[in-house]
Amino acid sequence: MKHIQIDNLDFELFIDYEQIKKRIRLMGIDISVKYADKNPVFVGVLNGCFMFMADLMKQVHVPCEVSFVKLSSYQGTQQDHIKELLGVGMDLSGREIIIVEDIIDSGNSLQHTIAALEKLNVASIAVCALLMKPDCLQHEFDNITYVGFEIDREFVVGYGLDYNGQCRNLPDIYKNVAHSETA
Ligand SMILES: O=P(O)(O)OC[C@H]1O[C@H](OP(=O)(O)OP(=O)(O)O)[C@H](O)[C@@H]1O
Ligand SMILES: Nc1nc2[nH]cnc2c(=O)[nH]1
């Protein structure tokens, strides 16, 4: 089993790039069928989505547009409180939106992204996430339509996901393991 260490944490291989590609291919087929003639806008939530978005777009075979947003946070004592969406950069009114997320954990980010997009008079919002942790969700959503892999509570890195800014470049996904397992 492939292991890596980042700072003080150990990780082992969890989902390899071949599995990821196969799953994304099927997700792309589903989306292409559903959105034929709808010219959807894929809205990626940076930073984590960049690899997933790139691979997903190669598997979507209908006319579409791509945009990215970033969530900004309050600083200091309010740190981690999501404030607003930055960078949509196009008119989304009347458009069919597919939010692209690398991972849904608590669902806090997703809830804020959806709330911000709803203010822009979009026609519809669906969510496409590579990973989701159902046991960690703190909100109810009725529009998480496309999920690559449902995973347990483990902390994962790679394929766009970081630990302290590191590991986003890894093609495979790794999960955190206790120190003793790798000793
Ligand atoms: O469901 P949640 O508990 O909100 O967690 C999911 C969010 O966490 C990560 O983003 P992060 O804020 O770490 O920023 P990043 O994309 O730049 O890594 C990930 O990309 C999701 O957007
Ligand atoms: N890198 C990373 N970011 C996250 N954000 C929410 N959950 C996770 C996770 O498991 N890994």
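Since the model is a prediction, treat every value here as computed from it, not as a measurement.

J.: Tell me about unusual backbone geometry, and name the residues and values.
T.: With an omega of 5°, the peptide bond between L46 and N47 qualifies as cis. You can see N47 is positioned in the loop between β3 (41-46) and α2 (50-57). In the Ramachandran plot, N39 falls in the positive-phi region, its phi being about 45° despite a non-glycine side chain. Position of N39 relative to the elements: it lies in the loop between α1 (17-34) and β3. Residues other than glycine seldom take positive phi values, yet C167 does so here, at roughly 80°. By the secondary structure assignment, C167 is in the loop between β9 (156-157) and β10 (173-177).

J.: Before we move on, could you go through the site of ligand 2 and cite the residues and values that matter?
T.: In the vicinity of ligand 2, the residues found are I103, D105, K133, E154, F155, V156, L161 and D162. Contacts to ligand 2 include K133, whose side-chain N or O atom sits 2.7 Å from an oxygen atom. Between ligand 2 and V156 there is a distance of 2.7 Å, counted from a nitrogen atom to a backbone nitrogen or oxygen. In the complex, 79% of the free accessible area of ligand 2, which totals 280 Å², lies under the protein chains. When the residues that make up the shell around ligand 2 are grouped by side-chain class, the tally is four nonpolar, no polar and four charged.

J.: Residue-level account of the side chain of R95, with values.
T.: Take R95: it is sitting in the loop between β5 (82-86) and β6 (96-104). Within the local environment of R95, its side chain forms a polar contact with the side chain of E65, the two groups lying 3.0 Å apart.

J.: Tell me about the packing of aromatic side chains, and name the residues and values.
T.: On inspection of all chains with the given rule, the structure shows four aromatic pairs. With a centroid separation of 6.4 Å and an interplanar angle of 50°, the aromatic rings of F11 and F155 are classed as tilted. In this pair, F11 is assigned in strand β2 (residues 9-15) and F155 in the loop between β8 (144-150) and β9, connecting sequence segments 144 residues apart. The exposure class assigned to F11 is buried, which follows from its relative accessible area of 0%. Looking at F155, the relative accessible area reads 36%, which means it is partly exposed. Seen in terms of ring centroids, F155 and Y163 are 6.0 Å apart; in terms of plane orientation they differ by 75°. Their pairing is edge-to-face. Members of the aromatic cluster, each reached through a chain of ring pairs, are F11, F155 and Y163. We note K38 situated over the ring of Y35; from NZ or CZ to the ring centre the distance is 5.8 Å.

J.: So what's going on with the pattern of salt bridges? Residues and values would help.
T.: The tally for this structure, following the rule as stated, stands at seven salt bridges. K133 serves as the salt-bridge partner of D105, at 2.8 Å between the closest nitrogen and oxygen. Note that D105 is positioned in the loop between β6 and α3 (108-118) and K133 in the loop between β7 (124-132) and β8, a separation of 28 residues in sequence. One salt bridge in this structure joins R168 and D162, with 3.5 Å as the shortest N-O distance.

Conventions and cut-offs
Residues numbered from 1 in each chain as written. Chains lettered and ligands numbered in written order. Predicted model: local features only at pLDDT ≥ 70, side-chain atom pairs only at ≥ 80, totals over all residues. Heavy atoms only, no water. Helix = DSSP H or I, 4+ residues; strand = E, 2+ residues; numbered from the N terminus. Near = heavy atom within 4 Å. Polar contact = N/O pair within 3.5 Å; in protein donor to acceptor, adjacent residues only side chain to side chain. Areas by Shrake-Rupley, 256 points an atom, 1.4 Å probe, with all protein chains shown as cover. Nonpolar A, V, L, I, M, F, W, Y, C, P; charged D, E, K, R; others polar. Phe/Tyr/Trp six-rings, centres within 6.5 Å; stacked < 30°, edge-to-face > 60°. Buried < 20%, exposed > 50% of the residue type's maximum accessible area, 1.4 Å probe, protein only. Lys NZ or Arg CZ within 6 Å of the ring centre and 35° of its normal. Salt bridge = Lys/Arg side-chain N within 4 Å of Asp/Glu carboxyl O.

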